[in-house]
Amino acid sequence: MPKTRRASELDRESRLLLHAMNGAFPLVGRAINRERVSSFRYAWAALASTFGRRIPLAGLEERQIRGPDGNAIPLRIYTPDGPPGLKPAFLWCHGGGFVVGDLNTSDGICRAIARASGAIVISVRYRLAPEHDIYAGREDFLAALNWVHKNAEALGIDGNRLGVGGDSAGGNISAAVAQENIRRGGPRLSLQALVYPATNLAMDFDSKDENSKGFLLTANFMDSLRPLIERGEDLTDPWLSPAHADSVAGLPPAVIITAGFDPIRDDGLLYAAQLRRAGVPVELLHYSGQFHGFFNFDAVLGAARDAQERVGVALRDAFAGEPAPNRTIEIADNRPWFDARLSKDLITGAMLAGRSVRQWNSHVLRSLSPETAYAAANLLRPFWAPAAMARRTISGCINALNAQQSYPPQAGAPSA
């Protein structure tokens, strides 16, 4: 386990961002029900689009494949720059409590991981509750994995170098698919990347009480989800709760991200320990000053960019056949603030506000006219680039992240 499960307070950027979001987005942290599902889907899409980057890539393609029940499964394929030849592929499963989320809400994540890893990233839009039962989404994701493996060469993919991953509910599905893929004799996976995963749907954890409200994902929202996703299923079924598997030995190596102010923090930590006990190497990246959902907000949070880059590096190493690390790295904005805290808060807040306004304007413009948004982005890029570089330089100095390897212990080792 990390030495510091929860920092004394949120990292500065996240503290200011959450304060703004809690005031500007009235649905944040509220209970959800059938009548509110569409509103929550729109709100999460707006949040993810506003606070996520749109990194340009060499290729972007939309596809639909046939699902296990004859349904259509939309895919979005992200191709990074790189040398010619077959590339490895990483399938991403978006979060959203099995109820919200789509290809757009994970767009920024997939772009960042594609660039950092050099792999083709394939985002999968699976069926959601309450329109479908909770089994449907994982069947869709497994079907997408098998389709990619079967059509690998036509897609420019090396079918022997595949990985899966997802955040929150998507982490649950990815972990379950990694297990089911072995049970069904599917393709070999090089890595599973699980970002604050919910691996045990049958249990509440101490972290839920500790972080019950104020941190985007709340206990109130989690409790209100249950009637939408439960239909009398046995939640101890490993196909739903991978932590309940009789054995997790033989699974692919994992990189697992957890956050200190996350109600399901302990779920991810315990699954990491479970994998390690079974001999599965785990690189545990613990952000003690972050909240559930931070991974989406890479346009404004340095910790999100750091986490995305680390996932990309883990994928790149795994696809290159490097030995899988088994370690815990703790990352937090824990530099002493002293009397300069107020001035640093003001500077950070001003930079967040400026970036958020630009992102929101871009989101609105894309909603009205994607062609106009694309033209405007190209026209303004020479003006925005220096400002963005200056902002990140200043933010990096004020909100620098400190990374330390705490397992296995390394006396006197430098920061990771």
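Refer to the preceding data block for the structure.
Since we're looking at a predicted model, the values are computed, not measured.

Caption draft 1: Region of the structure containing the pairing of strand β7 (residues 254-261). Burial runs high along β7: eight of the eight residues are buried. Of the pairings in the sheet, the one linking strand β6 (residues 191-195) to β7 comprises four bridges and is parallel in character. Across the sheet, residue valine 195 finds its bridge partner in β7, namely isoleucine 257. Taken together, the seven bridges between β7 and strand β8 (residues 282-291) define a ladder with parallel strand orientation. Looking at β8, one finds that threonine 258 is bridged to histidine 286. The handedness of the β7 to β8 crossover, carried by helix α8 (residues 265-277), is right-handed.

Caption draft 2: Local environment of the packing of helix α4 (residues 134-150) against helix α5 (residues 169-183). For the pair α4 and α5, interaxial distance at closest approach is 9 Å and the crossing angle is 60°. In terms of their interaxial angle, α4 and α5 are classed as oblique. The handedness of the crossing between α4 and α5 is right-handed. Of the residues in α5, those in contact with Gly137, Arg138, Phe141, Leu142, Leu145 and Asn146 of α4 are Asn172, Ile173, Ser174, Ala176, Val177, Glu180 and Asn181. Tallied by class, the residues present in the contact of α4 with α5 amount to six nonpolar, five polar and two charged.

Caption draft 3: Quick look at the nonpolar core. Of all hydrophobic cores here, the largest spans 112 residues; its most connected members are Phe291, Phe294, Phe295 and Phe297. The residues contacting phenylalanine 291, other than those within four sequence positions of it, are Leu10, Ser14, Leu17, Leu18, Met21, Tyr196, Phe215, Leu216, Ala259, Phe261, Phe297 and Leu301.

Caption draft 4: Seen up close, the pattern of salt bridges. All told, the structure shown has 25 salt bridges when counted by the stated rule. The shortest N-O distance in the salt bridge between glutamate 210 and arginine 6 comes to 4.0 Å. Residue glutamate 210 is located in helix α6 (residues 206-210), and its partner arginine 6 is located in the segment before α1 (12-24); the two are separated by 204 residues in the primary sequence. Overall, glutamate 210 belongs to the partly exposed group, its relative accessible area being 39%. Judged by its relative accessible area of 28%, arginine 6 is partly exposed. Close ionic contact of arginine 76 with aspartate 107 constitutes a salt bridge, the shortest N to O distance being 3.3 Å.

Caption draft 5: Local environment of α5. Here α5 spans 21 Å end to end across 15 residues, near enough to the 21 Å set by a 1.5 Å rise per residue. The element α5 is largely enclosed, with a buried count of 13 among its 15 residues. Two residues or fewer past α5, glycine 185 is found with a positive phi of approximately 70°.

About the criteria used
Note on numbering: residues in each chain are counted from 1, in written sequence order. Two thresholds apply to this predicted model, a pLDDT of at least 70 for residue-level local features and 80 or more for giving and counting side-chain atom pairs, whereas whole-chain, interface and lining totals are computed over all residues. Processing note: side-chain calculations cover all non-hydrogen atoms of the structure and skip hydrogens and water entirely. Think of it in three bands: residues with accessible area under 20% of the maximum for their type are buried, residues over 50% are exposed, and the middle band is partly exposed, with areas taken using a 1.4 Å probe on protein chains only. Helix and strand assignments follow DSSP, with helices taken as H or I runs no shorter than four residues and strands as E runs no shorter than two, numbered in order from the N terminus. In this description, strands pair whenever DSSP reports at least two bridges between them. Viewed with both strands pointing away, a crossover whose connecting path from the first strand over the helix to the second turns clockwise is right-handed. Orientation is described by lines fitted to C-alpha atoms, with helices fitted over the stretch in contact, and by angles between N-to-C directions that extend from 0 to 180 degrees. Each angle gets one of four labels, with under 35 degrees taken as roughly parallel, over 145 as roughly antiparallel, 65 to 115 as roughly perpendicular, and the rest as oblique. Left-handed describes a crossing in which the near helix is turned anticlockwise from the far one by less than a right angle; the clockwise case is right-handed. Whether two residues are in contact is decided by their heavy atoms: any pair within 4.5 Å suffices. For this classification, Asp, Glu, Lys and Arg are treated as charged, while Ala, Val, Leu, Ile, Met, Phe, Trp, Tyr, Cys and Pro are nonpolar and the rest, including Gly, are polar. Definition used in this section: a nonpolar core is a set of buried Ala, Val, Leu, Ile, Met, Phe, Trp, Tyr and Cys residues joined via side-chain atoms within 4.5 Å. Criterion for a salt bridge: a side-chain nitrogen of Lys or Arg within 4 Å of a carboxyl oxygen of Asp or Glu. Helix span is expected to be 1.5 Å times the residue number reduced by one.

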